[in-house]
Amino acid sequence: MVVSAHPLASEIGVNILKKGGNAADATIAVQFALAVVYPSAGNIGGGGFFVYRENNGHCSALDFREKAPLMASPDMYLDSNNNVVKDLSLYSHLAVGVPGTVDGMVNIHNKYGQLPWVELVQPAIDLADNGFELTKREADKLNRFNKRNNTNNNISEYYKDHYLEGDSIFLPQLSTTLTQIRDFKRSGFYKGEVAQMLVNEMKINGGMITQEDLDSYHSIWRKPIISYYKDYKVISMSLPSSGGILLTQMLKMAEHYPLRDYGFHSLKSVHVMTEIEKLSFADRAKYLGDPDFYDFPEKSLMDSLYLLKRINKIKMDSALLSSDVHAGELNLKESEETTHFSIVDKYGNASSLTTTLNGSFGSGIVVGGAGFLLNNEMDDFSIQPGYPNMYGLVGGEANSVEPSKRMLSSMTPTILEKDGKLFMVLGTPGGSTIITAVFQTIINVVEYDMDIDQAVNSPRFHHQWYPDEIKMEKGIAKDSNLVLQLKAMGHQLNFVSSMNRVDAVVLKRNKLFGGADKRGDDLVSSY
Ligand code: DON
């Protein structure tokens, strides 16, 4: 079964599984297919995180996150008065981190691949060559994007000004680039013509990425974060994503409250989960960043006693003000568009992968001649202490810009086991809201006994410490008792139309059940 953000990508993944490929093979094919049919987030010019569980229970995690270029510096987004220059970390050539996706896919294939590499890249090339039809959502998204960014992107050279549902798109330059990747793997992207076009794109337009940056980029196998929630083993992404650590914190704090008795979207459960989310995000801002640069206090942050102390702050009858919430005191002696897909193969291997250009269509910059979009992941750094990034997240020293450093992420590809067996695979886009959406989807299934479709499609809420507000999906009625009572407790509410697109698989009684998020075109494809 494959659950992804685009029907064509889900189909390609399932075809690979039918041919005898495993979940890792399908992962690679889906990632490349999304780079063609889902350009707002699918990518070869971005990065991501991959969590894998083999059928023998062995787990791994791959970090193919972008890196800051070698020439990057902490004040690169500040003017001479130390003020942040608007949009420089978002919509300029300086917004681009060194892409990690292609190296990541090669690394996954080297470790787990069963089918030949060529067969995994070819379906994406075919889509780019033969064209594919736009869904209504995708047509609207491209139209909106063209309008939004015409001043500082060159996407209109590659995509038409206006699309209708059912229009076909052909992407010949992207096809040529993918063909290089098919034939030369890593070298097809980080060396040769494609690399040269990328470096030229940077040189001509004041960007920083050089051939040396491309040569020195390597994705890294990391130890996944493993924790327990009641009978469930939770396997999730480690730093430089904050996802696994924060998810662990939230679940471990939640374990102290009878959420099942409180009930789904009851005042008590929403209040408690909101307060837990606040406490976790305060720790994120202070303590987390790229583990290759500092020793981060991961273990202390996930320590049960520490978390028990943290929840002492929670009051059951009123909301904590964010200004009264701070990162915990640790004993430090111890050393707007992403996409997720979940895959389980017939052998019982499971893959959970979240990948992104950061913002929708990333920096909006297409590499001249090479036809692929570049990320604007540099904005995930804390570009000035306390200055919010595009998701409103704040940070400090731990996540400051440094040469070759990876920017802190919230991506949370996750796998759950129950009684030693695969139970659930899930993840989502949504910047900072990723972590809380994964947290709530797990609670929906485990505590509120929802089937996966319902769990994924229920309305969600989100608090990230700052700004001091609960973002609440409009599916929760503004005049509901829940909302009125939350306000009475002192919570600030901000209603948003939709958050996240959670794509998940659950294995129950030896059967697979898919949950595709109806907020998008997401599709469960299986055989
Ligand atoms: O790594 C991160 O946390 C962000 N760059 C993810 C961006 C994202 O999820 C956008 N989706 N709507």
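Before any of the text, the structure's been laid out above.
Everything numeric here is computed off the predicted structure, so don't read it as measured data.

Calculation notes
Residues numbered from 1 in each chain as written. Predicted model: local features only at pLDDT ≥ 70, side-chain atom pairs only at ≥ 80, totals over all residues. Heavy atoms only, no water. Helix = DSSP H or I, 4+ residues; strand = E, 2+ residues; numbered from the N terminus. Rg over C-alpha atoms; globule rule 2.2 N^0.38 Å. Areas by Shrake-Rupley, 256 points an atom, 1.4 Å probe, with all protein chains shown as cover. Lys, Arg positive; Asp, Glu negative; His and termini not counted. Charge placed at Lys NZ, Arg CZ, Asp CG, Glu CD. Near = heavy atom within 4 Å. Polar contact = N/O pair within 3.5 Å; in protein donor to acceptor, adjacent residues only side chain to side chain. 1 Å grid on protein atoms, 1.4 Å probe; cavity = no way out; pocket = protein on both sides within 12 Å on 5 of 7 lines; lining within 4 Å. Sits in = over half its atoms within 2 Å of the grid points. Salt bridge = Lys/Arg side-chain N within 4 Å of Asp/Glu carboxyl O. Buried < 20%, exposed > 50% of the residue type's maximum accessible area, 1.4 Å probe, protein only. Core = buried A, V, L, I, M, F, W, Y, C linked by side-chain atoms within 4.5 Å. Contact = heavy atoms within 4.5 Å. Pairing = 2+ DSSP bridges. Axes fitted to C-alpha atoms, helices over the stretch in contact; angles between N-to-C directions. Parallel < 35°, antiparallel > 145°, perpendicular 65-115°, else oblique. Left-handed = near helix turned anticlockwise from the far one by under 90°. Nonpolar A, V, L, I, M, F, W, Y, C, P; charged D, E, K, R; others polar.

### A look at the overall build of the chain
Line of reasoning, step 1. A tally of regular secondary structure across the chain gives 17 helices and 18 strands.
Line of reasoning, step 2. Relative to a compact globule of 527 residues, whose C-alpha radius of gyration would be 24 Å, the chain shows 22 Å and is just as compact.
Line of reasoning, step 3. Carbon and sulfur atoms form 50% of the exposed surface of the chain, whose accessible area is close to 18900 Å².
Line of reasoning, step 4. Across the chain, the 51 positively charged side chains and the 62 negatively charged ones have centroids separated by 5 Å.

### Let's talk about the site of the ligand
Line of reasoning, step 1. The immediate surroundings of the ligand are formed by 16 residues, with Glu 337, Thr 338, Glu 377, Asp 380 and Gly 431 found nearest.
Line of reasoning, step 2. At a separation of 2.7 Å, a nitrogen atom of the ligand approaches a polar side-chain atom of Asn 358.
Line of reasoning, step 3. Contact with the protein chains covers 95% of the free accessible surface of the ligand, which is 340 Å².
Line of reasoning, step 4. Of all the cavities here, the one that holds the ligand is the largest cavity.

### Regarding the environment of Pro 7
Line of reasoning, step 1. Relative to the helices and strands, Pro 7 is located in helix α1 (residues 7–18).
Line of reasoning, step 2. In this structure, the C-alpha to C-alpha distance between Pro 7 and Val 36, residues 29 residues apart in sequence, is 12 Å.

### Some remarks on unusual backbone geometry
Line of reasoning, step 1. Omega for the peptide link from Leu 239 to Pro 240 comes to 15 degrees, which places this bond in the cis form.
Line of reasoning, step 2. Along the chain, Pro 240 turns up in the loop between β8 (232–236) and α10 (243–254).
Line of reasoning, step 3. Cis geometry is adopted by the peptide bond preceding Pro 467, which originates at Tyr 466 and carries an omega value of -5 degrees.
Line of reasoning, step 4. On the secondary structure map, Pro 467 appears in the loop between β13 (461–462) and β14 (470–473).
Line of reasoning, step 5. Here Lys 185, not a glycine, exhibits a phi torsion of approximately 50 degrees, which is positive.

### Some thoughts on the pattern of salt bridges
Line of reasoning, step 1. What the rule picks out here adds up to 26 salt bridges.
Line of reasoning, step 2. As a salt-bridge pair, Glu 275 and Lys 278 come within 2.8 Å of each other at their nearest N and O atoms. Pair noted here: Glu 275 and Lys 278 are both in helix α12 (residues 267–287), with a separation of 3 residues, about one helical turn. For the pair Glu 275 and Lys 278, a shared accessibility class is recorded, and that class is buried.
Line of reasoning, step 3. Ionic contacts of the salt-bridge type, sharing partners, join the residues Asp 63, Arg 222, Asp 292 and Arg 406 into one network.

### Observations concerning the nonpolar core
Line of reasoning, step 1. Ile 276, Phe 439 and Met 472 are the most contacted members of the largest nonpolar core, which has 87 residues in total.
Line of reasoning, step 2. Not counting the four nearest positions on each side in its chain, Met 472 is found in contact with Val 270, Arg 460, Phe 461, Val 483, Leu 486, Leu 493, Asn 494, Phe 495 and Val 496.

### Quick notes on the sheet that holds strand β17 (residues 511–515)
Strand pairing in a sheet takes place through backbone hydrogen bonds and is either antiparallel or parallel in direction.
Line of reasoning, step 1. Taken in spatial order, the 6 strands make up an open sheet running β7-β8-β11-β12-β16-β17, and their pairing is antiparallel. With one partner strand each, in any of the chains shown, β7 (225–229) and β17 form the two edges of the open sheet. Going across the sheet, the axis of each strand differs from the next one's by a mean of 25 degrees, ignoring polarity.
Line of reasoning, step 2. As paired elements, strand β11 (residues 414–418) and strand β12 (residues 421–426) share 5 bridges and run antiparallel to each other. Within β12, the position partnered with Leu 416 by the bridge is Met 424.
Line of reasoning, step 3. Strand contacts of α10: β7, β8 and β11, with the helix running at about 15 degrees to β7, the strand carrying the most contacts.

### A look at the packing of α12 against helix α14 (residues 304–311)
Line of reasoning, step 1. Direction vectors running N to C along α12 and α14 enclose 120 degrees, while the axes themselves pass 10 Å from each other. One element, α12, and the other, α14, form an angle in the oblique class. Here α12 runs over α14; the crossing is right-handed. Together, Leu 279, Ala 282 and Asp 283 of α12 and Tyr 306, Arg 310 and Ile 311 of α14 make up the contact between the two elements.
Line of reasoning, step 2. Of the residues contributing to the contact of α12 with α14, the split by class is 4 nonpolar, no polar and 2 charged.

### Some points on the side chain of Glu 337
Line of reasoning, step 1. With respect to the helices and strands, the residue Glu 337 is situated in strand β9 (residues 337–344).
Line of reasoning, step 2. Polar side-chain contacts of Glu 337 include one of 2.8 Å to the side chain of Tyr 38.
Line of reasoning, step 3. Not counting residues within four places of it along the chain, the set of residues in contact with Glu 337 comprises Tyr 38, Ser 40, Ala 41, Lys 141, Thr 356, Leu 357, Asn 358, Gly 359, Ser 360, Tyr 391 and Arg 501.

### Quick word on the environment of Tyr 229
Line of reasoning, step 1. Tracing the backbone through its elements, the reader meets Tyr 229 in strand β7.
Line of reasoning, step 2. We classify Tyr 229 as buried; its relative accessible area is 1%.
Line of reasoning, step 3. Taking the C-alpha atoms as reference points, Tyr 229 and Lys 252, separated by 23 residues in sequence, lie 6.5 Å from one another.
Line of reasoning, step 4. Excluding anything up to four places from it in sequence, Tyr 229 contacts Val 234, Leu 251, Glu 255, Ile 443, Val 446 and Glu 447.

### Some points on the sheet that holds strand β1 (residues 2–4)
Line of reasoning, step 1. Across the sheet, 7 strands lie side by side as β6-β3-β2-β10-β9-β1-β18; this open sheet has antiparallel pairing. Strands with a single pairing partner mark the edges of an open sheet, and in this sheet they are β6 (220–222) and β18 (523–525). Adjacent strand axes in the sheet meet at a mean angle of 15 degrees when their direction is disregarded.
Line of reasoning, step 2. Judged from the 8 bridges that link them, β9 and strand β10 (residues 350–358) form a sheet pairing that is antiparallel. Note on β10: the bridge partner recorded for His 340 is Thr 354.

### Regarding the packing of α1 against helix α4 (residues 117–130)
Line of reasoning, step 1. Axis separation between α1 and α4 bottoms out at 11 Å; the angle between their running directions is 150 degrees. The orientation of α1 with respect to α4, classified from their angle, is roughly antiparallel. By crossing handedness, the relation of α1 to α4 is classed as right-handed. Facing Leu 8, Ile 12 and Ile 16 of α1, the residues of α4 in contact are Glu 119, Leu 120, Pro 123 and Leu 127.
Line of reasoning, step 2. Split into classes, the residues belonging to the contact of α1 with α4 amount to 6 nonpolar, no polar and 1 charged.

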